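Below are the chains, spelled out letter by letter.
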Amino acid sequence: MDRVLNYIDGNWTEASDGVFFDVINPASGEIVAKAAKGTVDDAKRAIMAAKREFYENKNGWRRFSAVKRSEILLKIADKLESLRDEFARTETIDNGKPLREAYGDVDDAVSYIRYYAGAIRMPSGASYEVNDGFGPMHSYTIKEPVGVCGLITPWNYPLLMGVQKLAPALAAGNTVVFKPSSETPLSTVKFFEILAESEMPAGTVNLVMGGGSTVGSAISESPDVDMVSFTGSTEVGQSIYRAAAVNVKKIGLELGGKSPNVIFADADLDGAVEWAMMGVFFNQGEVCSAGSRIIIEESIKDEFVKRLADRADKMVLGNGLENPDMGPLVSKSHMEKVLGFIEKAKEEGAKVVCGGYRYTEGQCAKGYFVRPTILDNCSNDNIAVKKEIFGPVVTIQTFKTEEEAVKMANDTEYGLAGAVFTKDGARALRVIKEIRAGITWVNCYNPAFVEAPWGGYKKSGTGRELSFEGLEEYTETKQITINLNPGELSWYKKR
Ligand code: NAP
Ligand code: MG
């Protein structure tokens, strides 16, 4: 059995108390590895290493030229690409997702690293005309790294969410303490094997696996961490936000969602069904931006639901390595949570159109599978409409007017994503502009690109990832003003 270790200050190490935790394959329930369960002491050691490297190493990572950092990142991307098969299989075994989706994640991760390797060489900062009573002066801005960044990730896209943070953080010259989700640490460990072989000085990147309430809290509470970037649930995000106040950390929060998918009667119905499937059943529905609330014009509801249910019922569930339509949920406890939501939703009046139960046929007997589930008859206060379920469960609600559709779409504490399907271009733009969410789609659902920003309104978070905006998050802006006439000392006379 593989035993995987933490990586602190350039060394692979066991936890300070020698404890390991089980890493489980959710398709079978089998233990596939033992991972070092980092402690608060381990987190502190990693933070001090990252701090020393950032603030004291005169030849440290942030002093490498942007060109040099870029070249190192490009080599890391090449290495990751060359290990594509190994990474994809590891991700599927640990998380459960179908292998082809895991391949997509590895390809995206490679592309993200290359993007930020290029982005850091692009122009940045701005120049300002500031001549006023002070005489001839000029101001401009430069971007500098923030310092020690604590990066904390969830289990749904373990490698990709990690790279989404690591690539811009490192490109900008920061040092890092990284905590992956305890459900899915394996691809991160593999990625750190690549980082460990790169030319980064010891202490630049540190990996500490372990619990959120121990390692995660130690990172967010530490006065020696300058920034925390977190992706995960809104509840944990709120506690991290509070902890970050200790030294007014810079903060990035990519949190939960309950995103509306609004479908008008004039939409291309086949297309809408196809994208709705992608919207809520991709990655087992374990997607922050999932289109988990279908809000559909009443006149086409029956036909739409029939077609969607036909498709959902045909989905093949199985071990991700065999490329089924859908894999297992990430863990037993998460499966139980999803099934609990379905039961409660039924009690509150939802009608199950398809799915709604644990699937245990054939090879799925021991895994954590839930059939793709459609819940009809959902009132706006049904638990399945209100709460993020983070599984293959979609609710159906109907509207008669555009105004009603918008109101329903916005009746949520979240604001991550949303979509509208219609052939009427003006209406599409009207509705999208009214939806209070950070990521929106017209006549499609869920495509994401490294070139375009990603992040939420309301309780879905603060800050943006991906794109140039994602790089900016990992920088501070320094304003520099130059006196163009140093001999002139009469400023006080002018005031
Ligand atoms: P989670 O329970 O919030 O955990 C996320 C990470 O935070 C894990 O590494 C977890 O560690 C750690 N953590 C837990 N408690 C902590 C604490 N008190 N202090 C610091 N860290 C702590 O979320 P999840 O169940 O892994 O992921 C699902 C959630 O992520 C969903 O809400 C989903 O919407 C959201 N998500 C959002 C985006 C986005 O871009 N907006 C993307 C993906 C996922 P352990 O679990 O190891 O204890
Ligand atoms: Mg696992």
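Thresholds applied
- Residues numbered from 1 in each chain as written.
- Chains lettered and ligands numbered in written order.
- Predicted model: local features only at pLDDT ≥ 70, side-chain atom pairs only at ≥ 80, totals over all residues.
- Heavy atoms only, no water.
- Helix = DSSP H or I, 4+ residues; strand = E, 2+ residues; numbered from the N terminus.
- Buried < 20%, exposed > 50% of the residue type's maximum accessible area, 1.4 Å probe, protein only.
- Contact = heavy atoms within 4.5 Å.
- Areas by Shrake-Rupley, 256 points an atom, 1.4 Å probe, with all protein chains shown as cover.
- Lys, Arg positive; Asp, Glu negative; His and termini not counted.
- Charge placed at Lys NZ, Arg CZ, Asp CG, Glu CD.
- Donors = N, O, S within 2.8 Å, 3.2 Å for Na, K, Ca; no water.
- Salt bridge = Lys/Arg side-chain N within 4 Å of Asp/Glu carboxyl O.
- Phe/Tyr/Trp six-rings, centres within 6.5 Å; stacked < 30°, edge-to-face > 60°.
- Lys NZ or Arg CZ within 6 Å of the ring centre and 35° of its normal.
- Near = heavy atom within 4 Å.
- Polar contact = N/O pair within 3.5 Å; in protein donor to acceptor, adjacent residues only side chain to side chain.
- 1 Å grid on protein atoms, 1.4 Å probe; cavity = no way out; pocket = protein on both sides within 12 Å on 5 of 7 lines; lining within 4 Å.
- Sits in = over half its atoms within 2 Å of the grid points.
- Nonpolar A, V, L, I, M, F, W, Y, C, P; charged D, E, K, R; others polar.
- Axes fitted to C-alpha atoms, helices over the stretch in contact; angles between N-to-C directions.
- Left-handed = near helix turned anticlockwise from the far one by under 90°.

### Some details on the overall build of the protein
For the protein, the helix and strand inventory stands at 15 helices and 25 strands. With the principal axes as the frame, the protein shows a C-alpha extent of 80 × 60 × 40 Å. Counting over 495 residues, the protein shows a buried share of 56%. Summarising the internal contacts of the protein: among those between residues at least 6 apart in sequence, 73% fall at separations of at least 24. A total accessible area of about 20400 Å² is found for the protein, and carbon and sulfur atoms account for 51% of it. For the protein, the distance from the average position of its 58 positive side-chain charges to the average position of its 68 negative side-chain charges is 3 Å.

### Quick notes on the coordination of the magnesium ion (ligand 2)
Around the magnesium ion (ligand 2), the protein contributes the donor atoms Ile24 (O), Asp94 (O), Asp94 (OD) and Glu183 (O), at 2.4 to 2.5 Å from the metal centre. Residue Ile24 is classed as partly exposed on the basis of its relative accessible area, which comes to 32%. For Glu183, a relative accessible area of 31% gives the class partly exposed.

### Side note on the pattern of salt bridges
Taken as a whole and assessed by the stated rule, the structure comprises 28 salt bridges. Residues Asp224 and Lys51 are paired through a salt bridge, measuring 2.9 Å at the closest nitrogen-oxygen approach. Here Asp224, found in the loop between helix H7 (212-221) and strand E11 (227-231), pairs with Lys51, found in helix H1 (residues 40-55); they are 173 residues apart in sequence, far enough to count as distant. By relative accessible area, which is 28% here, Lys51 ends up partly exposed. The partner of Asp107 in a salt bridge is Arg84, with the nearest N and O atoms 2.7 Å apart. With Asp107 in helix H4 (residues 99-119) and Arg84 in helix H3 (residues 84-95), this pair connects stretches of sequence that are 23 residues apart.

### A short note on the packing of aromatic side chains
The full count for this structure, using the stated rule, is eleven aromatic pairs. Measuring from ring centre to ring centre gives 4.9 Å for Phe54 and Tyr55, while their planes differ by 70°; the resulting arrangement is edge-to-face. Classification of Phe54 by relative accessible area gives buried; the value is 5%. Looking at Tyr55, the relative accessible area reads 38%, which means it is partly exposed. Centroid distance Trp441 to Trp454: 6.4 Å. Interplanar angle 55°. Geometry classified as tilted. Of the two residues, Trp441 sits in strand E22 (residues 439-442) while Trp454 sits in the loop between E22 and strand E23 (457-458), which places them 13 residues apart along the sequence. What makes Trp441 buried here is its relative accessible area of 6%. Through a chain of ring-to-ring contacts, the aromatic side chains of Tyr7, Trp12, Phe178 and Phe192 assemble into a single cluster. The ring of Tyr359 has Arg371 lying over it, and the distance from NZ or CZ to the ring centre is 5.3 Å.

### A short note on the site of ligand 1
Inspection of the region around ligand 1 gives 30 residues, with Thr153, Ser182, Ser233, Leu255 and Glu388 positioned closest. Between Glu254 and ligand 1, the recorded distance is 3.4 Å, taken from a side-chain N or O atom to an oxygen atom. Between ligand 1 and Glu388 there is a distance of 2.5 Å, counted from an oxygen atom to a side-chain nitrogen or oxygen. Contact with the protein chains removes 86% of the 910 Å² of surface that ligand 1 exposes when unbound. When atom positions are compared with the pocket grids, ligand 1 is found to occupy the largest pocket. Elements that contribute at least two residues to the shell around ligand 1 include exactly H7, E11 and helix H8 (234-243). Taken together, the residues of the shell around ligand 1 sort by class into 13 nonpolar, 14 polar and three charged.

### A closer look at the environment of Leu74
With respect to the helices, strands and loops of the structure, Leu74 is situated in helix H2 (residues 66-82). According to the relative accessible area criterion, Leu74 is partly exposed, its value standing at 34%. With residues near it in sequence (within four places) discarded, Leu74 still touches Arg114 and Ala117.

### Quick word on the packing of H1 against H7
Remark: H1 packs on H7, axes separated minimally by 8 Å, with the N-to-C direction vectors making an angle of 35°. Crossing geometry of H1 relative to H7 is assigned as right-handed. Note on element contacts: H7 touches H1 through Thr214, Val215, Ala218 and Ile219, opposite Val40, Ala43 and Ile47. Here the residues of the contact of H1 with H7 sort into six nonpolar, one polar and no charged.

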